Amino acid sequence: MATATLPLANSQQPTANSPLWPLYATLFASAAIVVGLIWDISWHRTIGRDTFWSPPHVLEQVAALIAGLSCGWLVLRTTFGGDRPAKQSSIRVWGFYGPLGAWVCIWGTAMMIASAPFDNWWHNAYGLDVKIISPPHMVLAWGMMGIQVGAMLLAVSAQNRGAHDPRLKLIYAASAGILLTMFATVIVEDAGFGNEMRSPMFYRMTAIVIPVALIGTARASGLRWPATTVAAIYTALMLVMIWILQLVPATPLLAPIYNPVTRMVPPPFPLLLIIPAFLLDLVLPRTRAMKDWLLAPLLGVGFVVVMVGVHWYWSEFLLSPAARNWFFAVDKWDYTNRLGPWRYEYWNTVAATGFARSMGWTLLAATISSFLGLRIGRAMSRVQR
């Protein structure tokens, strides 16, 4: 694929003539995609495998089309609209001009649409999903993330070109919060339930995924409390989904049925990421002069220490009778689960020495994730096209 760029005549390019509706459209599509994803997982846990035309699948694909068509319009407008500043702040692909974020969104749309027949074939060939992470699901996930990253790039590039519209900062933060929700949903099997919060895998998975998402988005944001805002959006989105889904009547349609649920099974209560995010917002502005390779271990170790300190004890509450209500939605299990005392026990725990040894790899993972986040954030803060 041939790509090229025109030189930016002035880094403070005006954006007054640039319509905001494609940004709103891609933000709406991003939100609809992650809502569809959480709904789809709940559908599988409550009803079982359905056809490709199940409501969550349709919502995800329609959202992908909205993002793709909006960004396609943006590319056509930039190419043929005669707006030279817009063309100068774009990237050329196969003779067409468009913002980098628009191209990433179009790529994400293509991936999502391509994953649909692949997923259908996979189910026909191998049956039900045993895990969330399967080849067609990963193609779908990459497409979803592409659209969410594209939405962030559209907002951050306009922000970096000197646009002082506060809506751009909020659109960027909302897109980052949706992306964080996506990341947390992908790892929910190993790092979602309170039963897992004393297992090494919980901390390793969060160490791999969360720092890069939080730091990468916070460093490029123009908000005063970027990481806290992003974590708050993730928390709010998850809570809304939990509270709505458990109100919807539904019954399993596929045997074997060991747990005859009568309402949609909600996702687990969101992780308390707002605490490490708040501390990150305190640290990042005070360490701007530090080299990334020195700052990354500090952030990585700090993230893991805070996560252990918070979730180790938070899990005691989640496993207690006090959390078994509509607000926390604990003790909601799949229709295929045989209910037993395991619901209130810790899973995959190891001896103290084994846990301590595993923390070495977890700290390394968090350091690498933090370093990538710092580099991604630095790159995002320079994007102008």
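See above for the structure.
Below: a short report on this structure. (Residues numbered from 1 in each chain as written. Predicted model: local features only at pLDDT ≥ 70, side-chain atom pairs only at ≥ 80, totals over all residues. Heavy atoms only, no water.)

What follows covers the overall build of the protein chain. Assigned secondary structure in the protein chain consists of 12 helices and 3 strands. Its C-alpha atoms give the protein chain a radius of gyration of 22 Å, near enough to 21 Å, the size a compact globule of 385 residues would have. In terms of overall dimensions, the protein chain has a C-alpha envelope of 65 × 50 × 35 Å along the principal axes. Taking all 385 residues of the protein chain together, the buried fraction comes to 54%. (Helix = DSSP H or I, 4+ residues; strand = E, 2+ residues; numbered from the N terminus. Rg over C-alpha atoms; globule rule 2.2 N^0.38 Å. Buried < 20%, exposed > 50% of the residue type's maximum accessible area, 1.4 Å probe, protein only.)

With that settled, the discussion passes to the state of the cysteines. Under the criterion given, the structure shown has 0 disulfides. The thiol of Cys 71 is unpaired, and the distance to the nearest cysteine sulfur, on Cys 105, comes to 3.8 Å. (Disulfide = S-S within 2.5 Å.)

Let's shift gears to unusual backbone geometry. Within the chain, Trp 94 stands out as a residue other than glycine whose phi angle is a positive 50°. Within the secondary structure layout, Trp 94 lies in the loop between strand E2 (91-93) and strand E3 (96-98). Look at Asn 348: it is not a glycine, yet its phi comes out positive at around 55°. Within the element layout of this structure, Asn 348 appears in the loop between helix H11 (292-318) and helix H12 (352-380).

Along an α-helix, residues three or four positions apart point the same way, because every turn accommodates 3.6 residues. Every buried residue belonging to helix H10 (residues 274-283) is among Pro 276, Ala 277, Leu 280 and Asp 281, and all of these are buried. Looking straight down H10, one finds that the buried residues subtend no more than 145° of arc, so they occupy a single side. Looking at the buried residues of H10, the elements they touch are helix H8 (200-220), helix H9 (226-245) and H11. (Arc of directions from axis to C-beta. Contact = heavy atoms within 4.5 Å.)

A separate point is a nonpolar patch on the surface. Together, Trp 225, Ile 274, Ile 275, Phe 278 and Leu 279 line one region of the surface with nonpolar side chains, adding up to about 400 Å² of accessible area. Along the chain, Leu 279 turns up in helix H10. Take Leu 279: its relative accessible area is 35%, and that puts it in the partly exposed class. (Patch = residues over 30% accessible without salt bridge, like charges linked within 9 Å, V, L, I, M, F, W, Y side chains within 5 Å. Areas by Shrake-Rupley, 256 points an atom, 1.4 Å probe, with all protein chains shown as cover. Salt bridge = Lys/Arg side-chain N within 4 Å of Asp/Glu carboxyl O.)

Let us look at the side chain of Thr 367. Looking at the element boundaries, Thr 367 is found in helix H12. Of the residues examined, Thr 367 reaches a relative accessible area of 18% and is grouped as buried.

The terminal C-alpha atoms of helix H1 (residues 21-46) lie 36 Å apart, and with 26 residues this matches the ideal 38 Å at 1.5 Å per residue to within 8%. Gly 48 occupies a position one or two residues after H1 and carries a positive phi of about 105°. (Expected span 1.5 Å × (residues − 1).)

Time to look at the nonpolar core. The biggest cluster of nonpolar side chains holds 101 residues, and the ones touching the most others in it are Leu 180, Met 182, Tyr 203, Leu 214 and Leu 273. With sequence-adjacent residues up to four places away left out, Leu 180 is seen in contact with Ile 210, Ala 213, Leu 214, Val 230, Ala 231, Tyr 234 and Leu 273. (Core = buried A, V, L, I, M, F, W, Y, C linked by side-chain atoms within 4.5 Å.)

Pairing is possible between side chains of opposite charge, provided their charged atoms come close. Across all of its chains, the model carries 6 salt bridges by this definition. Its salt-bridge partner being Asp 334, residue Arg 45 comes within 2.5 Å of it at the nearest N-O pair. With a gap of 289 residues between them, Arg 45 in helix H1 and Asp 334 in the loop between H11 and H12 connect regions that are remote in the sequence. Of the two residues, Arg 45 and Asp 334, both sit in the buried class. For Asp 331, the salt bridge identified is with Arg 343, shortest N-O distance 3.5 Å. You can see Asp 331 sitting in the loop between H11 and H12 and its partner Arg 343 sitting in the loop between H11 and H12, a full 12 residues away along the chain. Among the charged side chains, a network of salt bridges with common partners joins Arg 219, Asp 292, Arg 375 and Arg 378.

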